Amino acid sequence: MKKIQVSPSILSANFSKLGEDIKRLEQNGADMIHVDVMDGHFVPNLTIGPPVIKSLRKYTKLPFDVHLMIDPVHKYIKDYSDAGADIITFHPEATENILETINLIKSLDKKVGISLNPDTEITAAEEHLDKIDLVLIMSVYPGFGGQKFINKVVKKVEDLDQIRKERKLNFKIEIDGGINFETSKIAVEAGVDILVSGTTVFKENNGDLKRNIKTLKQI
Ligand code: DX5
Ligand code: ZN
């Protein structure tokens, strides 16, 4: 059976104690830390930028899985890399040249992800699938935690998994939004390798991080 990874979104953490929450995630079985960066323009919400990520870096050895919901994205890539991002994921709509942005991230020795919104087709990333490390499938419209899983994206995960098999590619499939103990199973069944979760990890079972992360990994 394949190993499922969980990338908890700190959007649902206690923002006055982010460092401590990140430490607790590491101690309780998280595989990486999902950092949602929002600009109030590409998405209708504002979150955190490079200085906050930099200040959090010393709290964990886990990879920072940085999800950039900012437009334009290209000119800010180096800032997030310098701040300590390990995986840098961007939305194709937010750059004028997808290939240049991929190459920039690679030149900084970081892993590259492309994120597909619920209404964005695989074709938006298809020609680049051999060059990237992961595809982040949005299962909600980005902007806020706590939304309901959009079922239609399951087909997109299945199609992507099929393409991956046919072309013998190695990118991971990550899913983000509305992941709970039921939708996690549907997603993994469809081909997902990495589950992002904010609300479920931090709020279920009175915030029992260990139990919630463990349960998400059980399929
Ligand atoms: C949405 C963010 C997600 C979100 C996940 O724009 O990208 O990471 O916070 O949160 P839940 O698990 O609450 O849907
Ligand atoms: Zn995210």
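In this text, all values refer to a predicted model and were calculated from it rather than measured experimentally.

## So, the site of ligand 1
Stage number 1. Taken together, 20 residues are adjacent to ligand 1, and Asp36, Gly143, Gly146, Asp176 and Thr199 come closest.
Stage number 2. Residue Asp36 places a side-chain N or O atom 2.6 Å away from an oxygen atom belonging to ligand 1.
Stage number 3. Contacts to ligand 1 include His67, whose side-chain N or O atom sits 3.4 Å from an oxygen atom.
Stage number 4. Considering ligand 1 on its own, with 380 Å² of exposed area, one finds that the protein chains cover 99% of that surface.
Stage number 5. With respect to the pocket detection grid, ligand 1 is positioned in the largest pocket.
Stage number 6. Sorting the residues of the shell around ligand 1 by element identifies strand S2 (33–38), strand S3 (64–69) and strand S8 (194–197) as the ones contributing at least two each.
Stage number 7. Here the shell around ligand 1 gets 3 residues from one element, more than from any other, and that element is S2.
Stage number 8. Grouping the amino acids of the shell around ligand 1 by side-chain chemistry returns 7 nonpolar, 11 polar and 2 charged.

## Comments concerning the coordination of the zinc ion (ligand 2)
Stage number 1. Within the first shell, the zinc ion (ligand 2) binds the protein through His34 (NE2), Asp36 (OD), His67 (ND1) and Asp176 (OD), at distances of 2.0 to 2.2 Å.
Stage number 2. Relative to the metal, the 6 donor atoms surrounding the zinc ion (ligand 2) lie at angles of 64 to 165 degrees, and the coordination shape comes out irregular.
Stage number 3. Between the donor residues of the zinc ion (ligand 2), the gaps in sequence give the motif H-x1-D-x30-H-x108-D. Of this pair, Asp36 sits in strand S2 while Asp176 sits in strand S7 (residues 172–176), and the two are 140 residues apart along the sequence. With respect to burial, Asp36 and Asp176 carry one shared label: buried.

## Thoughts on the pattern of salt bridges
Stage number 1. Scanning the model with the defined rule gives 13 salt bridges in all.
Stage number 2. Lys3 is the partner of Asp31 in a salt bridge, and the nearest nitrogen-oxygen pair spans 3.8 Å. Of this pair, Asp31 sits in the loop between helix H1 (18–27) and S2 while Lys3 is found in the segment before strand S1 (5–8), placing the two residues 28 residues apart along the sequence.
Stage number 3. Owing to a relative accessible area of 61%, Lys3 belongs among the exposed residues under this scheme.
Stage number 4. Of the charged contacts, one joins Asp86 and Arg57 as a salt bridge, the two residues approaching to 2.8 Å between their closest N and O atoms. Of the two residues, Asp86 sits in the loop between helix H3 (77–83) and strand S4 (87–90) while Arg57 sits in the loop between helix H2 (50–56) and S3, which places them 29 residues apart along the sequence.
Stage number 5. For Arg57, a relative accessible area of 22% corresponds to the partly exposed category.
Stage number 6. Among the ionic contacts, a cluster of salt bridges with common partners joins Lys2, Asp161, Arg164, Lys165 and Asp193.

What counts and what doesn't
- Throughout this description, residue numbers start from 1 for each chain and increase along the sequence as written.
- The naming scheme follows written order: chains are lettered A onward, ligands numbered 1 onward.
- At least 70 in pLDDT is required for a residue's local features to be given in this predicted model, at least 80 for side-chain atom pairs to be given and counted, and no such filter applies to totals for whole chains, interfaces and linings, which use all residues.
- Side-chain numbers come from the whole structure's heavy atoms, not from hydrogens or water.
- Proximity criterion: a residue is near a molecule or strand once any of its heavy atoms comes within 4 Å of it.
- Here a polar contact is taken to be a pair of N or O atoms separated by no more than 3.5 Å, where protein atoms must pair a possible hydrogen donor with a possible acceptor and residues adjacent in sequence count only if both atoms sit in side chains.
- Accessibility throughout is a Shrake-Rupley quantity obtained with a 1.4 Å probe, and a residue counts as covered only by protein chains that appear here.
- Put simply, the grid is 1 Å and covers the protein atoms alone, a cavity is a trapped set of points that fit a 1.4 Å probe, a pocket is an open set with protein on both sides within 12 Å along at least five of seven lines, and lining residues have an atom within 4 Å of a point.
- Any molecule with more than half of its atoms within 2 Å of a cavity's or pocket's grid points is counted as sitting in it.
- Runs of E in the DSSP output that reach at least two residues are strands. Runs of H or I that reach at least four are helices, and both are numbered from the N terminus.
- By the convention adopted, Pro, Cys, Tyr, Trp, Phe, Met, Ile, Leu, Val and Ala count as nonpolar, Lys, Arg, Asp and Glu as charged, and the other residues, Gly among them, as polar.
- Any nitrogen, oxygen or sulfur atom within 2.8 Å of a metal ion counts as a donor, with the limit raised to 3.2 Å for Na, K and Ca, and since water is left out, coordination shells can look unfinished.
- Each label reflects the angles at the metal, where four donors whose angles all fall between 85 and 135 degrees are tetrahedral, four or six donors whose opposite pairs open beyond 155 degrees and whose other angles stay between 65 and 115 are square planar or octahedral respectively, and the rest are irregular.
- Three exposure classes are used, based on accessible area relative to the maximum for each residue type with a 1.4 Å probe and protein chains only: buried under 20%, partly exposed in between, and exposed over 50%.
- Salt bridge, as applied in this entry: a Lys or Arg side-chain nitrogen positioned within 4 Å of an Asp or Glu carboxyl oxygen.

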